[in-house]
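Secondary and tertiary structure notes
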Amino acid sequence: KVIDNSLIVGYRFSKGWAPCQKVFFAARFSKPFSGFQTFCSDTKGKESKGVFSKGVFSFDEKSGNQIIVKVATSSASIDGALKTLNADVNGFDFNKVSAKADAAWNHELSKFSVETPDKDQKTIFYTALYHSFIAPSTYSDIQGEYKGYNNTTKKAVGYTKYTILSLWDTFRALNPLLTISNPLMVNDLVKSMLDQYEETGLLPVWELTGNETNCMIGYHAIPVITDAILKGIGDFDRETAYKAMIASSMSDQRGLKYYREIGYIPADKETESASKVLEYCYDDYCIAQVAKFLGKENDYQTYMKRSQNYRNQFDTSVGFMRGRNSDGSWVTPFDPAYSKHETGVFTEGNAWQWTWFVPHDILGLANLMGGKEKMISKLDQLFLESSVIKGENSSPDISGLIGQYAHGNEPVHHVIYMFNALGAPWKTQEKADMVMKTLYTSKPDGLCGNDDCGQMSAWYAFNAMGLYPANAVSGRYELGSPRFTKTEIKLANGKVFRIMAPGVSKTNIYIQ
């Protein structure tokens, strides 16, 4: 809709990954247009609408060869977009806007300061931080309004509403990184998740613009909320958060009913069954930690028991996690290198990559494998195996392969730190160094897989500093192999955390 000769407003409603996407906009031109033309199915005067709508705006030659357009958006209303547009005090000074964005990014990135003679390493590190902080995105407009899950206008009072919650990916490293760099944002993220619980009865799985896409598996809002509670971050209501966790764990979605009743999910009843069990076990472990924190001993015992269900997916005769059927039999034939995308027993991976997803009970997994030494030997073999992924419909997400270790996707991101728990920390340091050297570069193809809303980059940011939260809610940071002679992290409380590695070099990678 044309308001005057320099202001237009409108909206776009679309479907796709998120079934109900709405964006309202207001756009102002730096110079008046002399005419406009629309190509739409329904045009009446200065207003038009239709699928694949297009508008052309014409300017006189005397307007010069540069036109600046500023656009404001809102998921709630045109009014919200207009208020945002009118609140801008920069006029059409592009350099001023650019400088403001520069300052905002420098504020975030300068929370981490590194010293190294290797300029390329700095480039990779700060690029990783930049990628890490692009998402989640602000969703509430200048009035605090946003489109809710039931297509109604909601208002965030006293906090910022966020969207793009790629939780299956980001609970592993990005969200723990935010607890260090931006705890205020973490508080708002949790409140944003609790909004969805209040509206729908469940926490988000993969939220996008006020929609639950139900993409991926698990209920990984839980480790993010758990980490915030155990670290004392935020003023969100702990009891409400706990009720939300329990609600998600007691739903019947994605095979959970089987998981609760028989301790595993039958592969003949549910796709990606083995991966779902492993991830539910970890999320249940997280619930148990909050239950213990809140003094709910019975719940603690219940969820710790549930967190051990991973044992029901481990076949001692082959030494791998694998799918099993309703009658308890193992799915045959079995090949640990075999992958079947979306309809197999594993999510975006195979048995070589998924067998290790027990970050909460590494020694328990070692016992299933016959002890620490046997698990170390099998971990070594993971990196030495052929990188051939078998299957006619293998997952395209399996990438960044070193043997069968697939760093280009998330399920293995904690694996190299298992050596620490098994008493072989030098192997962790060796593998961390190898992954950083070979799979992260400053070139355009410098990532070995989908960055997945910052998870791939957050992994690097942590590892380059020499730390990693292998169990994302433990509050424990495993030591790896730092890249820099000195790292400083400026914390929100005004303190500075320093990591000193004065002798580190491309060849001197081990911590004595």
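Report follows, based on the coordinates. (Residues numbered from 1 in each chain as written. Predicted model: local features only at pLDDT ≥ 70, side-chain atom pairs only at ≥ 80, totals over all residues. Heavy atoms only, no water.)

As for the environment of Ile402
Following the sequence through the fold, Ile402 ends up in strand β18 (residues 401–402). Contact partners of Ile402, with chain neighbours within four places excluded, come to Leu382, Phe383, Ser387, Met434, Val435, Thr438 and Leu439. (Helix = DSSP H or I, 4+ residues; strand = E, 2+ residues; numbered from the N terminus. Contact = heavy atoms within 4.5 Å.)

What to know about the pattern of salt bridges
Counted according to the given criterion, the structure contains 23 salt bridges. In this structure, the salt-bridge partner of Glu239 is Lys296, at a minimum N-O distance of 3.4 Å. Note that Glu239 is positioned in helix α8 (residues 238–249) and Lys296 in the loop between α10 (273–293) and α11 (297–306), a separation of 57 residues in sequence. For Glu239, a relative accessible area of 36% corresponds to the partly exposed category. Close ionic contact of Glu488 with Lys486 constitutes a salt bridge, the shortest N to O distance being 3.4 Å. Using a relative accessible area of 16% as the deciding quantity, one classes Glu488 as buried. Of the residues examined, Lys486 reaches a relative accessible area of 22% and is grouped as partly exposed. Sharing partners across several salt bridges, the network here consists of Asp433, Lys437 and Arg483. (Salt bridge = Lys/Arg side-chain N within 4 Å of Asp/Glu carboxyl O. Buried < 20%, exposed > 50% of the residue type's maximum accessible area, 1.4 Å probe, protein only.)

Concerning the pairing of strand β3 (residues 21–29)
The pairing of strand β2 (residues 7–14) with β3 spans eight bridges and is classified as antiparallel. Bridging from a neighbouring strand, Ile8 pairs with Ala27 of β3. Here β2 folds back onto β3, and the loop between the two strands holds six residues. Bridge analysis of β3 against strand β8 (residues 69–74) gives six bridges, and the strand direction is antiparallel. In the strand pairing of β8, Phe25 is matched with Thr73. (Pairing = 2+ DSSP bridges.)

Some remarks on the sheet that holds strand β1 (residues 2–4)
Sheet strands pair via backbone hydrogen bonds, and the direction of the pair is either parallel or antiparallel. Spatially, four strands are ordered β1-β2-β3-β8 in an open sheet, and the strand pairing comes out antiparallel. Of all the strands in the sheet, just β1 and β8 have a single pairing partner and so form its edges. This sheet shows a mean twist of 20° between the axes of neighbouring strands, independent of strand direction. (Axes fitted to C-alpha atoms, helices over the stretch in contact; angles between N-to-C directions.)

Digging into the layout of surface pockets
Where empty space is left can be seen by rolling a probe of water-molecule size over the atoms. Roughly 670 Å³ of volume is contained in the largest pocket. For the largest pocket, the lining is made up of 27 residues, of which Tyr11, Phe25, Ser48, Lys49 and Ser53 are closest to its centre. Those elements that place two or more of their residues in the lining of the largest pocket are β2, β4 (35–39), β6 (47–49) and β7 (54–58). Ranked by the residues each element gives to the lining of the largest pocket, the list is headed by β2, at seven residues. Across the lining of the largest pocket, the residue classes break down as twelve nonpolar, nine polar and six charged. (1 Å grid on protein atoms, 1.4 Å probe; cavity = no way out; pocket = protein on both sides within 12 Å on 5 of 7 lines; lining within 4 Å. Points joined across faces, edges and corners; volume = space filled by probe spheres on them. Nonpolar A, V, L, I, M, F, W, Y, C, P; charged D, E, K, R; others polar.)

Notes on the packing of aromatic side chains
In the structure shown here, the tally under the stated rule is 30 aromatic pairs. Ring geometry for Phe33 against Phe57: centres 5.0 Å apart, planes inclined by 65°, an arrangement best described as edge-to-face. Here Phe57 lies in strand β7 and Phe33 lies in the loop between β3 and β4, a separation of 24 residues in the sequence. Given a relative accessible area of 8%, Phe33 falls into the buried group. Each ring, one from Phe320 and one from Trp352, has its centre 4.8 Å from the other, and the planes form 85°; the classification is edge-to-face. On the criterion of sequence distance, the pair formed by Phe320 in strand β17 (residues 320–321) and Trp352 in helix α12 (residues 351–354) is long-range, its members being 32 residues apart. The burial state of Phe320 is the same as that of Trp352; both residues are buried. Clustering of aromatic rings is evident, with ring pairs tying together Tyr417, Tyr440, Trp459, Tyr460, Phe462, Tyr468 and Tyr477. Stacked on the ring of Phe92, the Lys or Arg Lys70 has its end atom at 4.9 Å from the ring centre. It is Arg324 that lies over the ring of Tyr264; its NZ or CZ is 5.0 Å from the centre. (Phe/Tyr/Trp six-rings, centres within 6.5 Å; stacked < 30°, edge-to-face > 60°. Lys NZ or Arg CZ within 6 Å of the ring centre and 35° of its normal.)

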